[in-house]
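Take a look at the letters that make up each chain.
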Amino acid sequence: MALSSGKSTRTASGVKKSRTKKASGKKKVASVLLEIEKGQLDRAGDNITAAVLDRLHETVLSRRGTDPSLSHSARLLSRGRKKIAQKFGEEAVECLIEAVAGSANELVSESADVLYHLIVLWVDAGIAPQEIWQELQRREAMSGIAEKASRVEKPA
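Note that residues are indexed from 1 along each chain, following the sequence as it is written. For a predicted model such as this one, the threshold for reporting local features is a pLDDT of at least 70, and the threshold for listing and counting side-chain atom pairs is 80 or more; totals across whole chains, interfaces and linings nevertheless cover every residue. The basis for every side-chain value is the complete set of heavy atoms in the structure, and neither hydrogens nor water enter the calculation.

Asks: An account of the confidence of the model for the protein chain is requested, with residue identities and associated values reported.
Replies: In the predicted model, the protein chain carries a mean pLDDT of 78, and 65% of its residues have values of at least 70. Looking across the protein chain, the model is least confident in strand E1 (residues 2-10), with a mean pLDDT of 39, and most confident in helix H3 (residues 72-79), with 97. Every residue gets a pLDDT, meaning the predictor's confidence in that residue, from 0 to 100. Two residues form a contact once any of their heavy atoms are found within 4.5 Å. Throughout residues 1-11 the model reports pLDDT below 50, and contacts reaching past four residues in sequence, or to other chains, amount to 23 contacts. The model gives residues 13-24 a pLDDT under 50, and that stretch makes 23 contacts with residues more than four places away or in other chains. Numbering of helices and strands starts at the N terminus; helices are DSSP runs of H or I of at least 4 residues and strands are runs of E of at least 2.

The structure is reproduced here in structure tokens:
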């Protein structure tokens, strides 16, 4: 990371050139650790974004076909889609219970469980997160009210 010292010089050709100082390694590490503590970066130093879901998908995908005794993901995948869907449903219900109970910390925890089990279900079904992100992007481009109004109502 380059920091401007605020000083500049001209080269022999007259081009203005800025002098920079490098941030010390210790300061950069301290800055990253502070951002991690604040929840702005993950442990790898990456910005915390939905990309964590892509990384989780890659991890679950890598567990497919491995020893079920060594990995929870492998164990779920070895049990088949019915069991995966059951676990996803259980986690979804637990998430809803925490939402109604009003416990934000528990809702966060259960939401993470729901996302994990959903990703296991995607892996089993051969669905890549990119397919979901594309569908969400397609939907983002339209107003929910306009989309609903465009539907042809069926007579009752």
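Asks: I'd love a proper account of the packing of helix H2 (residues 51-63) against helix H5 (residues 104-125), names of residues and values included.
Replies: Packing of H2 against H5 leaves a shortest axis separation of 9 Å and a crossing angle of 55°. Classified by the interaxial angle, the pair formed by H2 and H5 is oblique. When you trace H2 past H5, the crossing you get is right-handed. Seen from H2, the contacting residues are Leu 53, Leu 56, His 57, Val 60 and Leu 61; seen from H5, they are Leu 115, Tyr 116, Ile 119, Val 120 and Val 123. Partitioned by chemical class, the residues of the contact of H2 with H5 number nine nonpolar, one polar and no charged. Every angle, taken between N-to-C directions, lies between 0 and 180 degrees, and every axis is a line fitted to C-alpha atoms, over only the stretch in contact when it is a helix. Roughly parallel covers angles under 35 degrees, roughly antiparallel covers those over 145, roughly perpendicular covers 65 to 115, and oblique covers all other angles. For any helix crossing, the convention is left-handed if the near helix is rotated counterclockwise from the far helix by under a right angle, and right-handed if that rotation is clockwise. Note on residue classes: Ala, Val, Leu, Ile, Met, Phe, Trp, Tyr, Cys and Pro are nonpolar, Asp, Glu, Lys and Arg are charged, and everything else, Gly too, is polar.

Asks: Account for the pattern of salt bridges, naming residues and giving values.
Replies: A carboxyl oxygen of Asp or Glu within 4 Å of a side-chain nitrogen of Lys or Arg is what we treat as a salt bridge. Taken as a whole and assessed by the stated rule, the structure comprises four salt bridges. A salt bridge links Arg 138 to Glu 135; the shortest N-O distance between them is 2.7 Å. Taken as a pair, Arg 138 and Glu 135 lie in helix H6 (residues 129-140) at a separation of three residues, close to a single helical turn. Exposure categories follow from relative accessible area, calculated using a 1.4 Å probe and restricted to protein chains: below 20% of the type maximum is buried, above 50% is exposed, and the middle band is partly exposed. When its relative accessible area of 28% is taken as the criterion, Glu 135 is described as partly exposed. If you follow the salt bridges from partner to partner, you end up with Glu 135, Arg 138 and Arg 139 in one network.

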